[in-house]
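# Summary of structural features
Here are the chains, one letter per residue:
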Amino acid sequence: MLSPSLFTPQAWQDALEIVEYIGTDNPEAASRFVPALEETCAQLAALPSLGSARTFQRKDLKGVRMLPVTGFEHYLIFYTTTGKNLKVLRVLHAARDFPTMFKE
């Protein structure tokens, strides 16, 4: 079960919007998204260096990493780790202009 505390409010909203969006065309795929997101987050909690390091201009985004959601490779998890704590910042479709989104 996903813990809302693992996600920033924006990442939680991203995940809900993705499920809603996928569900408009493919309810079965939408029902698989949350378990896939849970599985990917569990992998990240165990091996936080799995994702690729990203570089953004904002200083508060130092150390952000990115990993596709297992089985939904076009959806990307952006996260940071502090010690053993994982924090999901955003969950975005790969077609989104995320470098610009992270400038704000």
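Residues numbered from 1 in each chain as written. Predicted model: local features only at pLDDT ≥ 70, side-chain atom pairs only at ≥ 80, totals over all residues. Heavy atoms only, no water.

### Re the sheet that holds strand β3 (residues 72–82)
The sheet built from four strands is open, its strands ordered β1-β2-β3-β4 with antiparallel pairing. In this open sheet, the two edge strands, each paired with only one partner strand, are β1 (52–53) and β4 (85–93). With two bridges connecting them, β1 and strand β2 (residues 65–69) associate as antiparallel partners. Bridge assignment links Ser 52 to a residue of β2, and that residue is Met 66. The strands that helix α1 (residues 9–25) touches are β3 and β4; relative to β4, the one it contacts most, it runs at about 40°. Sheet strands touched by helix α2 (residues 27–46): β2, β3 and β4. Its angle to β3, the strand with the most contacts, is close to 35°. (Pairing = 2+ DSSP bridges. Helix = DSSP H or I, 4+ residues; strand = E, 2+ residues; numbered from the N terminus. Contact = heavy atoms within 4.5 Å. Axes fitted to C-alpha atoms, helices over the stretch in contact; angles between N-to-C directions.)

### What about the pattern of salt bridges?
The tally for this structure, following the rule as stated, stands at three salt bridges. Residue Asp 14 is joined to Arg 90 by a salt bridge in which the shortest nitrogen-to-oxygen separation is 2.6 Å. Placement of the pair is Asp 14 in helix α1 and Arg 90 in strand β4, with a sequence separation of 76 residues. Of the two residues examined, Asp 14 and Arg 90, each falls in the buried class. Glu 28 is the partner of Arg 32 in a salt bridge, and the nearest nitrogen-oxygen pair spans 2.8 Å. Of this pair, Arg 32 and Glu 28 both sit in helix α2, separated by four residues, roughly a single helical turn. (Salt bridge = Lys/Arg side-chain N within 4 Å of Asp/Glu carboxyl O. Buried < 20%, exposed > 50% of the residue type's maximum accessible area, 1.4 Å probe, protein only.)

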